[in-house]
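Descriptive structure summary
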Amino acid sequence: MIKNFTRNTYIIVAALLLAGYLVSILAVTNLGQTRLNESLHRELELKVENYASALEYFFYVTNEDINTLSQTPVMHAFFANLASGMSMKYGLASSILALDRKLAYTIKNKTINQQKIYDRFTLISLDGSVISDTSPNSATNIDIQELNNHSTRPAFFRTVDSVSSNEIQLVKMVLYSGTPTGYLVATLNKKVIFEQLTSQESEQSKSRIELLSNYGHSFLWNSPLNSDTLITKQQLAEAINFSLPIKNTPFVLNSWFEPVEHKSVLTSSWFTLGLSFLAIPVFAGLIYIFVINNANLVLRTKIDASRKQQGLLSSKNKQLIEEIEKRKESELKLSYQASHDALTGLPNRSYGNQRLQVEIDKANYNNSNLLVMFIDLDNFKQINDTLGHLAGDEVLKQSTDRLINAVGSKDLLSRLGGDEFLFIIPELDNQEVSKKYAEEILKLFDEPFVWNNQKFFVSISIGMSRYPQDGNSTQQLLANADMAMYSVKQDGRNAYSFYNTEMSSNVQRNLNLDGRLRYAIANQELELYYQPIIDLESSKIIGAEALMRWNDNEYGMIPPDEFIPLAEGNGLIHQLGEFAIMSACQQAAQWQSIAPLSISINFSSVQFRYCEKLFTQIRYSLMKSGLKPELLDIEITENLLFNHNEDVINLLNKLRTMGVRLTIDDFGTGYSALSYLQKFPFDQLKIDRSFLMNIRKNKADRELVTAIVAMAKALNLSVVAEGIEEQWHTNFLNSIHCEFGQGFLYSKPVPAVEFEKLLIANLEETRDHQPALNIVK
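Residue indices follow the written sequence of each chain, beginning from 1 at its first position. Reporting in this predicted model follows two pLDDT cut-offs: at least 70 for local features of residues, and 80 or more for side-chain atom pairs to be given and counted; totals over whole chains, interfaces and linings ignore these cut-offs and use all residues. In computing side-chain properties, one takes all heavy atoms of the structure into account and sets aside hydrogens as well as water.

1. Brief notes about the overall build of the protein
- Every helix listed is a DSSP run of H or I at least four residues long, and every strand listed is a run of E at least two residues long, numbered separately from the N terminus. Within the protein, the regular secondary structure consists of 23 helices and 28 strands.
- Exposure is judged per residue with a 1.4 Å probe applied to protein chains only, and the accessible area is read against the type maximum: over 50% gives exposed, under 20% gives buried, and values in between give partly exposed. The 777 residues of the protein split such that 45% are buried.
- By definition in these notes, contact holds between two residues if any of their heavy atoms fall within 4.5 Å. Taking the intrachain contacts of the protein between residues at least 6 apart in sequence as the baseline, contacts between residues at least 24 apart amount to 64%.
- A 1.4 Å probe and the Shrake-Rupley method give the accessible areas. Residues count as covered only by the protein chains that appear here. Total accessible area computed for the protein in this model is approximately 40,900 Å², and 52% of it derives from carbon and sulfur atoms.

Shown next as structure tokens:
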């Protein structure tokens, strides 16, 4: 009895242990399934967020592309020509052709994974007429009334029903001089968007993805459960669902994924139920042991099976932990990529703006100052154009390495994009410290850059604004620092400048002048003044230089050195040039009845970017006015020669062959070289007025002018001296055999009516052999 009692006790204890073991198995299984379900849910959520992020970035990039495309010179040139009333015959057709080529080129070259991003570009006017279309034989699917209803939005996405499905279009309002002039509609390639949505899906993933808009489903992925069955509505109701709006677009991403319990037997609820029923045979075996006392073999078998199952679950849990760690690393990597620049490793614009706001809040709380530096590489575009984009990327990397040397422990350096950097320096003591910072950063770029064993120098321009003196918000501080940097660019680059309120006034003045200049051109408020060119030996007027003048109703007389650069920057210089050529030729042709007279016209280097168009204008003006080509003198600055190309050389040769005279203007102030005089077919050179200012007192200036005249004589070129203001100048120039001159001693630039009076008076005086000095005092 004692022996039997001991054995029964042992069996009971063993049964209790086994029951506890089965309970632990069920608990571990349930915990593992819960963890796995949470991990899968997070994994799927990350996948959907990645899809949404990829689509958001895709739509952002396309929006930036279209924004850049709407601001290209080709687009502005077309609307400028259209606004000026240019007809299809005289240039508008070529502008439309250029637009067609630009849009077709963009479709061809903008790709992702060798697939075109855009299917079609359509440029339409505000009244709905099509200006340019890359698929002219297809229906446009564009409702102009709908676009006009969104006129307050500069850019927006829309979906449009087509024959087979619906299209996704990006609509960008095109502005000219700040005024809406049309819409650029880009139809996106749905295959590219489809790949963005399904890059991680397969037929075995058992998922469904939809891209929704106000017009319904745009795209659909529905992976098959087997060869002939798609995900059903009932399965959708049981599936894991995510609905995520895509920022800055009208789309919502809807997705369904198979629950974890459907993926494997081990993760299903049936598996847990099966483990629960496992206890039935175990307890049946225990009863059998109590009855016949022979269940040891069955019990050991069950225990061994349980141990194997525990090992399997332990392995699964280890894999689950490893997967969770990978997901954490992926999240950290994505977070870093979202806030840092891929090329330089610096914080990007978004992160830099966030940090600037944080530092502004700190400075406000601590009542301290803050310095914002806007750093821009000078002439960076030339590096990309001449050495290539790889060299440009290397310059950006080396520039980053140099700038990092100036960053303190509390400072922040970020790349805003392109060749622009943002430097934030908190807890600034005073302005002198700011100057010291800027000077140290400028010195960092004294050393040359090296690329493929080639050395070259790149300078920087620095604009600075301070908190709270120059603004109390991120946007205001950045805008003012940018304005200060732009001021440095205008003053010659390779320097630094603090923002001041006068800069804002200058910017506002430039904006006002831009609009008033367009109005003045449209209403013919500009006119030509003429300054006589004198034969210094006989004091006879032999020519005139045509000079543009603008007397504005609000600002008064605007100097040419202010409105000419403005016209060069906004594209109006071509209209000014066309007006100057035609008006000067017609006026000179009328004066031929009084006396033989040549006319000189200054040309901007910007006009020579379109050599064929410029040649056509000159030839047409001569033909229309009846002026002989040899009486037209075209003055060209040395800067054009320094940056010339073959088209410029061909144009000058064609003009010379026609008989038009060519003069190199302001000789001696630019990159003067004998090679210019030998390479280009010049007839005459002009000595800049700056050489005559101190010529009476400065011996070096007299020797330099003498050398220029002697050099011109050796090359069979005639010479015109500008800035003659006293008789001594005339006597000296005659002594060194300088033939021609102009200046206030003879006359200031005057309107055509007054010049004609000067011409008649001079003709009468020279007939009587009287000196023609001091014509207008």
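On we go.
2. A few points about the pattern of salt bridges
- Salt bridges are counted wherever a side-chain nitrogen of Lys or Arg sits within 4 Å of a carboxyl oxygen of Asp or Glu. According to the stated counting rule, one finds 23 salt bridges in the structure shown.
- For Lys686, the salt bridge is made with Glu545, and the minimal N-O distance between the two is 2.9 Å. One end of the pair, Lys686, is in strand 25 (residues 684–687); the other, Glu545, is in strand 20 (residues 540–552), with 141 residues separating them in the sequence. Here the two residues Lys686 and Glu545 agree in accessibility, since each one is buried.
- Note that Glu612 and Lys654 form a salt bridge whose closest N and O atoms lie 3.4 Å from each other.

3. Comments concerning helix 11 (residues 389–404)
- Helix span, as expected, comes to 1.5 Å for every residue beyond the first. Here helix 11 contains 16 residues, and its C-alpha end-to-end distance of 22 Å stays within 8% of the 22 Å for a straight helix at 1.5 Å per residue.
- Three or more residues of helix 11 are buried, namely Ala391, Gly392, Val395, Leu396, Gln398, Ser399, Thr400, Arg402 and Leu403.

4. Digging into the packing of helix 21 (residues 699–714) against helix 22 (residues 727–735)
- Axis lines are fitted through C-alpha atoms, for helices just across the contact stretch, and the angle between N-to-C directions can take any value from 0 to 180 degrees. Orientation of helix 21 relative to helix 22, taken along the N-to-C sense of each, is 45°, at an axis distance of 11 Å. Between helix 21 and helix 22, the crossing angle belongs to the class labelled oblique. When the axes of helix 21 and helix 22 are compared, the crossing they make is right-handed. Residues Arg702, Val705 and Thr706 of helix 21 touch helix 22, and the partners they reach there are Trp728, Phe732 and Leu733.
- In the contact of helix 21 with helix 22, the residues fall into 4 nonpolar, 1 polar and 1 charged. Relative orientations are named as follows: roughly parallel for angles under 35 degrees, roughly antiparallel for angles over 145 degrees, roughly perpendicular for angles from 65 to 115 degrees, and oblique for any other angle. Helix crossings fall into two classes, left-handed where the near helix is turned counterclockwise from the far one by less than a right angle and right-handed where it is turned clockwise. In this count, Pro and Cys sit with the nonpolar residues alongside Ala, Val, Leu, Ile, Met, Phe, Trp and Tyr, while Asp, Glu, Lys and Arg are called charged and the others, Gly among them, polar.

5. Regarding the environment of Met483
- Positionally, Met483 belongs in helix 13 (residues 474–490).
- Look at Met483 and you get buried, because its relative accessible area is 18%.

6. Details of the nonpolar core
- Buried Ala, Val, Leu, Ile, Met, Phe, Trp, Tyr and Cys residues form a nonpolar core when they are joined through side-chain atoms within 4.5 Å. Counting residues in each nonpolar core, the largest one holds 126 residues, and the members touching the most others are Phe59, Leu685 and Leu733.
- When residues of this core are assigned to their parent elements, the largest contribution, 10 residues, is made by helix 1 (residues 2–70).
- Those residues within four positions of Leu685 in sequence are excluded, and the remaining contacts are Thr663, Ile664, Phe667, Leu677, Ile708, Ala712, Leu717, Ser718, Val719 and Val720.
- Listed in part, the 29 residues of the second largest apolar core include Leu371, Phe423, Ala438 and Leu442.

7. A look at the sheet that holds strand 17 (residues 460–467)
- An order of 13-14-12-17-18 is seen for the 5 strands of this open sheet, with the pairing classed as mixed. Sheet topology places strand 13 (412–417) and strand 18 (496–498) at the edges, where each strand pairs with a single neighbour. The average angle at which neighbouring strand axes cross in this sheet is 20°, direction not considered.
- The pairing of strand 12 (residues 369–377) with strand 17 spans 8 bridges and is classified as antiparallel. The residue bridging Leu371 from the neighbouring strand is Arg466, located in strand 17. One bridge is not enough; two strands pair if DSSP finds at least two bridges between them.

8. Details of helix 17 (residues 611–625)
- With 15 residues, helix 17 extends 21 Å from end C-alpha to end C-alpha; this agrees with the ideal 21 Å at 1.5 Å per step.
- Along helix 17, the residues that are buried comprise Cys611, Leu614, Phe615, Gln617, Ile618, Ser621, Leu622 and Ser625. Down the axis of helix 17, the sector holding all buried residues measures 160°, keeping them to one side. For helix 17, the exposed residues lying more than 90 degrees away from the buried face are Glu612, Met623 and Lys624. Comment: arc refers to directions from the helix axis out to C-beta atoms.

9. Topic: the packing of aromatic side chains
- Only Phe, Tyr and Trp rings take part, Trp by its six-membered ring, and two of them pair if their centres are within 6.5 Å. Stacked means planes under 30 degrees apart, edge-to-face means over 60, and tilted covers everything else. Under the criterion given, the structure shown has 14 aromatic pairs.
- With a centroid separation of 6.5 Å and an interplanar angle of 90°, the aromatic rings of Tyr496 and Phe498 are classed as edge-to-face.
- Taking relative accessible area as the criterion, Phe498 reaches 12% and is therefore assigned buried.
- Each ring, one from Trp591 and one from Phe755, has its centre 4.7 Å from the other, and the planes form 40°; the classification is tilted. Here the residue Trp591 occupies a position in helix 16 (residues 573–591), and Phe755 occupies one in helix 23 (residues 752–767), the gap between them amounting to 164 residues. Here Trp591 matches Phe755 in class, with each residue buried.
- Three or more aromatic residues joined by ring pairs form one cluster here, namely Phe58, Phe59 and Phe251.
- A positively charged side chain is recorded as over a ring if its NZ (Lys) or CZ (Arg) lies within 6 Å of the ring centre. The angle to the ring normal must also be within 35 degrees. One Lys or Arg, Arg402, reaches over the ring of Phe445 and ends 5.8 Å from the middle of that ring.

10. Looking at the pairing of strand 17
- Of all 8 residues making up strand 17, 8 are buried, and the element is well covered by its neighbours.
- Of the two faces of strand 17, the one lined by Ile460, Ile462, Met464 and Arg466 and the one lined by Ser461, Gly463, Ser465 and Tyr467 are each fully buried.
- For the segment spanning strand 17, helix 13 and strand 18, crossover handedness is left-handed. Look down the strands so they point away from you; if the path from the first strand over the helix to the second goes clockwise, the crossover is right-handed.

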